[in-house]
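In case you want the letters, here they are:
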Amino acid sequence: MNTPRPLRLAVAALVAALAAMPVHAHAQAMATQQTEPPAARAPVVAAVRVAGQRRVEESAIRIHLSQKTGAVLDESLVDADIKAVYGMGFFETVWVTREPAAGGVDLVYHVTERPYIAAIVFDGNENVDVKDLEAVVGVRSRTVFDPQKAWEGLREAKKTYAGEGYPDAEVTYTLDVDEEGLATVKYHVVEGNKVLVEDIRFEGVKAFSKRKLRGVMTTRRKWMFSWVTGAGILKHEELQTDVERLTAFYYDQGYIQVRVDDPEVTREGDDLIVTVRIEEGEQYRIGKLQFEGEVLLGQEELVKASRLETGTLFRPSRLRESIFGLTEAYGNLGHAFAEVIPDTDLNPDEKTVDVHFKLSSGPVVSVDRIDIKGNTKTRDYVVRREMRIQEGERFSGKGLRESKERVRRTGLFDEVDIASTRTDLADQVNLLVDVKEGRTGTFSAGAGFSSEDSLLANARITERNLFGRAQTATVNVDFGSRRQNYRLGFTEPWAFDIPLLLGIDAFSWNYRFSDFERGGTGASVRASYPLWELGLRSLWGLSLDEIRAGLEYRIENAVIQGLSRTAPASIVLEQGSKLTSSLRPSIVRNTVDQPFDPSEGSINSISAEFAGLGGESDFWKLDVASRWYWPLYTSEAGRKLVYSFNATFGYGVGDAGTTGAELPLSERYFPGGINTIRGFSARSLGPREDFCETDGVTCDYDEPIGGSSELIFNNEVIFPIIPDAGVKGVVFFDAGNAFSRDAGIDIGEFRYAVGFGMRWLSPFGPLRIELGFPLNKQEGDSESLVLFSFGTPY
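Residues numbered from 1 in each chain as written. Predicted model: local features only at pLDDT ≥ 70, side-chain atom pairs only at ≥ 80, totals over all residues. Heavy atoms only, no water.

Can you walk me through the overall build of the protein chain in this structure?
Along the backbone of the protein chain there are 14 helices and 36 strands. On C-alpha atoms alone, the protein chain measures out to a radius of gyration of 42 Å, which is more than a quarter above the 28 Å that the 2.2 N^0.38 rule sets for 794 residues. Considered along the principal axes of its C-alpha atoms, the protein chain spans approximately 155 × 75 × 60 Å. In the protein chain, of all internal contacts separated by at least 6 residues, the share reaching a separation of at least 24 is 56%. In the form shown here, the protein chain has an accessible surface area of approximately 42,400 Å², with 55% of it arising from carbon and sulfur atoms. Of the side chains in the protein chain, 90 bear a positive and 116 a negative charge, and the two mean positions are spaced by 3 Å. (Helix = DSSP H or I, 4+ residues; strand = E, 2+ residues; numbered from the N terminus. Rg over C-alpha atoms; globule rule 2.2 N^0.38 Å. Contact = heavy atoms within 4.5 Å. Areas by Shrake-Rupley, 256 points an atom, 1.4 Å probe, with all protein chains shown as cover. Lys, Arg positive; Asp, Glu negative; His and termini not counted. Charge placed at Lys NZ, Arg CZ, Asp CG, Glu CD.)

What exactly am I supposed to notice about the side chain of glutamate 667 here?
Mapped onto the secondary structure, glutamate 667 falls in the loop between strand 29 (640–653) and strand 30 (688–692). Judged by its relative accessible area of 9%, glutamate 667 falls in the buried class. A distance of 3.2 Å separates a polar atom in the side chain of glutamate 667 from a polar atom in the side chain of arginine 554. In contact with glutamate 667, not counting residues within four places along its chain, are Arg518, Arg554, Phe619 and Lys621. (Buried < 20%, exposed > 50% of the residue type's maximum accessible area, 1.4 Å probe, protein only. Polar contact = N/O pair within 3.5 Å; in protein donor to acceptor, adjacent residues only side chain to side chain.)

It is not clear to me how the packing of aromatic side chains should be interpreted in this structure. Could you clarify?
How two aromatic rings sit relative to each other is given by the distance of their centres and the angle of their planes. Counted by the stated rule, this structure contains 22 aromatic pairs. Seen from their ring centres, phenylalanine 291 and phenylalanine 357 are 5.4 Å apart, and the 10° between their planes marks the pair as stacked. Of this pair, phenylalanine 291 sits in strand 11 (residues 285–293) while phenylalanine 357 sits in strand 13 (residues 352–360); the two residues are 66 residues apart in sequence, bridging distant segments of the chain. Take phenylalanine 291: its relative accessible area is 12%, and that puts it in the buried class. For phenylalanine 357, a relative accessible area of 0% translates into the label buried. (Phe/Tyr/Trp six-rings, centres within 6.5 Å; stacked < 30°, edge-to-face > 60°.)

Please explain a nonpolar patch on the surface as it appears in this structure.
A contiguous nonpolar surface patch, about 660 Å² in accessible area, is contributed by Phe443, Ile461, Val475, Val477, Phe479, Tyr486 and Leu488. Within the residue set of the nonpolar patch, elements represented by two or more residues are strand 19 (471–480) and strand 20 (483–495). Per element, the largest residue contribution to the nonpolar patch is three residues, and it comes from strand 19. Among the structural elements, isoleucine 461 can be located in strand 18 (residues 454–466). For isoleucine 461, a relative accessible area of 45% corresponds to the partly exposed category. (Patch = residues over 30% accessible without salt bridge, like charges linked within 9 Å, V, L, I, M, F, W, Y side chains within 5 Å. Salt bridge = Lys/Arg side-chain N within 4 Å of Asp/Glu carboxyl O.)

Would you take a moment to explain the sheet that holds strand 11 for this structure?
Think of a sheet as strands paired side by side through backbone hydrogen bonds, with each pair either parallel or antiparallel. Spatial ordering of the open sheet is given by 11-13-12, a layout of three strands whose pairing is mixed. The strands lining the two open edges of the sheet, one partner per strand, are strand 11 and strand 12 (339–347). Going from strand to strand, the sheet's axes swing by 20° on average, the running direction of each strand aside. With nine bridges joining them, strand 12 and strand 13 adopt antiparallel strand pairing. Looking across to strand 13, one finds that threonine 344 is bridged to valine 355. (Pairing = 2+ DSSP bridges. Axes fitted to C-alpha atoms, helices over the stretch in contact; angles between N-to-C directions.)

How do you make sense of helix 9 (residues 236–251) when you look at a structure like this?
For helix 9, which comprises 16 residues, the first-to-last C-alpha distance of 23 Å matches the rise-based estimate of 22 Å (1.5 Å per residue) to within 8%. Taken residue by residue, helix 9 has Leu239, Asp242, Val243, Arg245, Leu246, Phe249 and Tyr250 as its buried positions. At its buried positions, helix 9 is contacted by strand 7 (196–203), helix 7 (210–216), strand 8 (259–260), strand 9 (264–268), strand 10 (271–279) and strand 28 (619–634). (Expected span 1.5 Å × (residues − 1).)

Before we go on, may I ask you to explain the packing of helix 10 (residues 299–306) against helix 11 (residues 316–331) in this structure?
In a pair of packed helices, the angle between the axes and the distance between the axes together describe the arrangement. Here helix 10 crosses helix 11 at 130°, and the two axes come no closer than 7 Å. Accordingly, the angle class assigned to the pair helix 10 and helix 11 is oblique. Every residue of helix 11 that contacts helix 10 at Leu302, Ala305 and Ser306 is listed here: Arg318, Ser322, Gly325, Leu326, Ala329 and Tyr330. Taken together, the residues that form the contact of helix 10 with helix 11 break down as five nonpolar, three polar and one charged. (Parallel < 35°, antiparallel > 145°, perpendicular 65-115°, else oblique. Nonpolar A, V, L, I, M, F, W, Y, C, P; charged D, E, K, R; others polar.)

Even after reading the chapter, I still don't get the sheet that holds strand 4 (residues 116–123), so can you show me in this structure?
Spatially, 4-6-5 is the arrangement adopted by the three strands of the open sheet, whose pairing is mixed. Taken across any chain shown, the strands that pair with only one partner, and hence form the sheet edges, are strand 4 and strand 5 (170–177). Strand after strand, the sheet turns through a mean of 20° between neighbouring axes, direction not considered. Note: strand 5 against strand 6 (residues 182–190), eight bridges, orientation antiparallel. Looking at strand 6, one finds that tyrosine 173 is bridged to tyrosine 187. Its contacts with the sheet place helix 6 (residues 147–163) against strand 5 and strand 6, and it is angled at close to 145° to strand 5.

Help me out: how do you make sense of the nonpolar core in this one?
Generally speaking, soluble globular proteins have nonpolar side chains that are buried together. By size, the foremost hydrophobic cluster in this structure holds 22 residues, and its most contacted members are Ile370, Met387, Phe395, Val407, Phe413, Leu431 and Val433. If you list the elements that add at least two residues to this core, you get strand 14 (366–373), helix 12 (380–384), helix 13 (397–409), strand 15 (413–422) and strand 16 (428–437). Residue contacts for leucine 431: discarding those within four places in its chain leaves Val367, Arg369, Ile370, Asp371, Met387, Phe395, Leu400, Ala419 and Ser420. With 21 residues, the next largest nonpolar core counts Val195, Leu239, Tyr255 and Val276 among its residues. (Core = buried A, V, L, I, M, F, W, Y, C linked by side-chain atoms within 4.5 Å.)

How do you make sense of helix 13 when you look at a structure like this?
Within an α-helix, residues lying three or four positions from one another point in the same direction, as the helix has 3.6 residues per turn. A rise of 1.5 Å per residue sets the reference length of helix 13, with its 13 residues, at 18 Å; its end C-alpha atoms lie 19 Å apart and thus fit the reference within 8%. Looking at the buried residues of helix 13, the elements they touch are helix 11, helix 12, strand 15, strand 16 and strand 26 (576–590). The N-cap of helix 13, judged by a side-chain oxygen 3.5 Å from the amide nitrogen of lysine 398 a few residues on, is serine 396. Remark: glycine 411 follows helix 13 within two positions and exhibits a positive phi of approximately 80°.

Can you help me understand unusual backbone geometry in this one?
Leaving glycine aside, a negative phi is the common case for residues, and trans is the common case for peptide bonds. One non-glycine residue, lysine 351, lies in positive phi territory at about 55°. Position of lysine 351 among the secondary structure elements: in the loop between strand 12 and strand 13. Look at phenylalanine 467: it is not a glycine, yet its phi comes out positive at around 55°. Among the secondary structure elements, phenylalanine 467 is positioned in the loop between strand 18 and strand 19.

Right, here's the structure in full:
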């Protein structure tokens, strides 16, 4: 770029003049600058005032002000004050003005309050409840409106709608503020159409059916009852969890090289299609099992303890179980702190996984001290006597596990945990039994209604941990239009400081049938003792643990009275009273995990009753009952789907009936009702007998007379409905009947029924509602579709 010549000459002359200037001229100029008058001093703050507030107290604002009256004005303090007051969250704007005043300036902090929310209104929300929206919008009545929280609340409201199947929902708000600063927040909702998962598709799947894989996922396809179950709603968090669930499922089926891609979601109108791509890889099986390190058992014993077997599918879940199994095996040798570290080697060519266990035994230890924690009511000795390991004994992994099961099975505690802790000595260990007391005492009184007993008044007091000694005392009174039952009972589970159970009961009962009344008054004394305490551990290779042998003596005055004109001849023969004196030995095995809400284990019993030890009745009865529980599925939250099977068999021989070989009427079996074969009326099944008028013409009356034998099967699937409230559902299939001595058990005479129901142990007493549907009702059978009881124990 060329500079004009005149300009170049002028610049050159200026530079020359500056260069020729004496040095003292520069110094003079600097001195002139330094002698300029100093800047004016900051004024003194004469007063600090606050203006503009309506609801916020002035004192609450002043707490946040650092600039004080009488101090020199500090702009940095004023800036900090503005930020502090604004940070209170009550004001839309905050600013400061200065006003001249004698001796300085007055500072005035001006504020504009945010609206105060007087009401919140929603419109357009048809499928999401107002309470659910109020919980997420972040705006509350009787609070100061915060626009930032309001905008965040809009996002949460949209998430809520998406979680209900409305991803297109739009949520906005308007703010109406009156002259006094009171605001109404109006939320406007446009929900849009419901969008659900139409199909879940899989690509690359060969090993399993698509139905099987869909069952692994928590995401479900829509169906006709989606409006009840919520199936079909797409939740992206659950979809990501489904990837992990599918991966874990494949891993546990031996596909340890599986890869599950992130699901792809496509939309077709109001339908969603979820596509999951899976690379299964090869299925691997267990190869060699090797044990190294401190090997204290033989190869065969170690393999058995590991619960693994060469050639079976490699499952990570089984590998975890093997660690517990080996640790317990070493614990049974007294090595409380044994360590098991598994390592795996893949053999791609053979499609096998070799498993190497590195074993570290640690020292053999004994139990130095057992501490009990959490038993605020129950006495220490009640817990200690259930322990299979005692102080001074060698540690045992099996004993530790069985001790935990036995303490839990007492039914006194909601939670039981036993932990081993190290001591200062390497060969000793302490055990800490940590329990949480359960509710053991109940009292209920009131009126109820039962489909079996009609109107019923009930009062019941039960304490299963009397004075903290695990003793049980029961007082029960039932008084209804068909049934009266009075019972007193007391049970001591450890008499004379040994596991000898002793109990005594006194009772009086009466039940009104259509043609007669059956009842009795008496008392019984019972005792039982565990076989393992007698040194009987096994029989023919079967464990005898948890088996108790019992004996009961009963004396009862049984009465048959109130016969109607239509009572059959066999019932007429039983009219009157008989004194029964009987002895009943029994064997009971109980392995359920929980005494009142079992999910696994079984209760099995066999008993034989012999009457004729004095008294007027002469009969014998054999009763066998077996109830089993198997968990079919356990959720991540610990909720269980349980299958229960029950079989009941009874058989007796007496000196009653028209044949002289039937059981006495007071001892016969009368199935039907909510506790036997649902769908049929209570005590209505079994043998029947016609009634004939005196003219010899057979009437239409066909009355149940009870059987001398009985066979009943009950199948139930129990599932949680409202777990936290203890509400459960049940579906069932029942079969069975009672039979006379002459006819014998005839499967062809079985009655079958199916149904479903709900059970709830409410604070007011047990509630049980079940609907039974007979499958093969015969002429003369009495049907009872709805079976329920409330205010009565079940």
